[in-house]
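# Architecture at a glance
What follows is each chain in one-letter form.
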Amino acid sequence: MIISNAPDSLIAKAVMAFVADCRKVIDPAGQSKTVILRFAAILILCIASTFCGAQEPSKTQPLPESDNVEELVTISSGSLPVILSAPHGGTLKISGVEPREGIGMETGPSGFFTGRDGGTSELAIAVADALEKSTGKRPYLVISNAHRKYLDPNRPSEIAYEDSDAAPVYQRYHGTLGKYCKEILEKHHAGLLLDIHGQGTSRETVYRGTSNGKTVTRLKERFGESAHSGDESLFGTLRRLGWKVYPQPGDGKEQSGFTGGYIVQTHGSHRATGIDAIQMEFGAEYRSKINREQTAKVLAQAIIEFTQEYLQAENELISR
Ligand SMILES: [Zn+2]
C-alpha cells in the first residue's frame, strides 16, 4: 500500500525544480505562465501527498520516540462488552531500546517479523467512533504505539522484545487486556475481543483467525457452531454487508498463517479468564485512508448485530 516513502520536502523540491526548468524553456519572463506553473506545482504536490499518505513513516528519517509507557500503549475503558486491540500499527521508537534483531529466531506468522500493519491503529479508533455514533457507547481500546521493530505484543514475552526496557510496555498491553476481559466478564458475562491486523496477501480480503474455533469456545458452547462460522456469525454478517471474507461462512478451515496469534490465544474464551476472541487480518483496501471510515462503519454494524444476538447485552445498547 506504500507507493512512495520519499519525504514530502523531497517531493516538493523535485516538483519545484521541474517547474523551474519548464519556465526557462517556455517563457523566461511570462508572468501568466508562472502563475499557471505555480498552480500546477501545488496540484502535483497535493496528488503526491495523497498517494504518499501519512500511514508509513519515512524509512530515511529517525522515528519519533517515547519513554512513557502511557504514551506507548493507548488504553481506554468502554461500556460495550467489546475490546478492540491493535498491536502492530505503532510508529514510535521506545527510548533507549535498539531495534530487535531476531537472531536465531524463526521468521513467519508466529516468529520474528518487524513490519507494521499500516492503518490498523487508526482503524481501531474509527470503529470505536462509529460504535459510539450508533449506540452512544464505546468499546474498550488497547493500541500499541510502539513500532514493531522494538516490540511485538502478539508474541509470547520471551520473543516479543529483546531489551528489558520494553517489558513495561508489553506488560501494559497484556495486563490491560486481561483487566478489561475480567471487567467485561463481571459486568456482561460474555464479550468479544477483536484483534485488528493488516495482511499483504490479498488486498480485498479479510481473514478470520480463531485457531479454527478454539478462541471462541464459549460462543460455540452457548450458541453452536453457526454462531462462529455460519451466516449469522460476525464474518457471515460482514459477507452479507459486502466484504470478501475468508473462510466463507459454513466453509471450513482458516488460512494457514492467519489462524490467530498470541493475543487471541491468551485472551480467548477457551480460557476461563478470556472472552470470545477473533483475529482480523485486513487487506490494504480496507485499511487505506480513503476507505477507512466506510470499513469502520460496516464493522461497527456487524459488531452491534453480534452483540445483540450473542452477548445478551441488548439492554446495554441504546435503542436506535
Ligand atoms: Zn499484525
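Bear in mind that the values here come from a model prediction, so they are computed numbers and not experimental data.

## Points about the overall build of the chain
When helices and strands are counted, the chain shows 12 helices and 9 strands. Within the span of the chain, comprising 320 residues, buried residues form 40% of the whole.

## Quick word on the pairing of strand S3 (residues 82–86)
Most of S3 is tucked away, with 5 of its 5 residues classed as buried. Burial along S3 is two-sided: Val82, Leu84 and Ala86 facing one way and Ile83 and Ser85 facing the other are all buried. Judged from the 4 bridges that link them, S3 and strand S6 (residues 192–198) form a sheet pairing that is parallel. When the sheet's bridge partners are listed, Ile83 is paired in S6 with Leu193.

## A few points about the packing of helix H4 (residues 120–135) against helix H12 (residues 292–310)
Helix-helix packing: each pair is described by the crossing angle between the helix axes and the interaxial distance. Closest axis-to-axis distance for the H4/H12 pair is 8 Å, and the angle between their directions is 55 degrees. On the basis of their axis angle, the class for H4 and H12 is oblique. Regarding H4 and H12, the two cross each other, and that crossing is right-handed. Contact residues: Glu122, Leu123, Ala126, Val127, Asp129, Ala130, Leu131, Ser134 and Thr135 in H4; Arg292, Glu293, Thr295, Ala296, Lys297, Leu299, Ala300, Ile303 and Ile304 in H12. For the contact of H4 with H12, the per-class residue count stands at 10 nonpolar, 3 polar and 5 charged.

## A word on the nonpolar core
Counting residues in each nonpolar core, the largest one holds 66 residues, and the members touching the most others are Leu84, Ile94, Ala124, Val127, Leu151 and Val169. Leave out the neighbours within four places in its chain, and Leu84 touches Ala124, Val127, Ala128, Pro139, Leu141, Leu194 and Ile196.

## Some details on helix H6 (residues 167–188)
Along an α-helix, residues three or four apart share an orientation, since each turn contains 3.6 residues. The terminal C-alpha atoms of H6 lie 31 Å apart, and with 22 residues this matches the ideal 32 Å at 1.5 Å per residue to within 8%. One or two steps after H6, the chain reaches His189, where phi turns positive at roughly 70 degrees.

Thresholds applied
Residues numbered from 1 in each chain as written. Predicted model: local features only at pLDDT ≥ 70, side-chain atom pairs only at ≥ 80, totals over all residues. Helix = DSSP H or I, 4+ residues; strand = E, 2+ residues; numbered from the N terminus. Buried ≥ 20, exposed ≤ 12 C-beta atoms within 10 Å, placed from the backbone. Pairing = 2+ DSSP bridges. Axes fitted to C-alpha atoms, helices over the stretch in contact; angles between N-to-C directions. Parallel < 35°, antiparallel > 145°, perpendicular 65-115°, else oblique. Left-handed = near helix turned anticlockwise from the far one by under 90°. Contact = placed C-beta atoms within 7 Å. Nonpolar A, V, L, I, M, F, W, Y, C, P; charged D, E, K, R; others polar. Core = buried A, V, L, I, M, F, W, Y, C linked by C-beta atoms within 7 Å. Expected span 1.5 Å × (residues − 1).

That is the geometry; function is a separate question.
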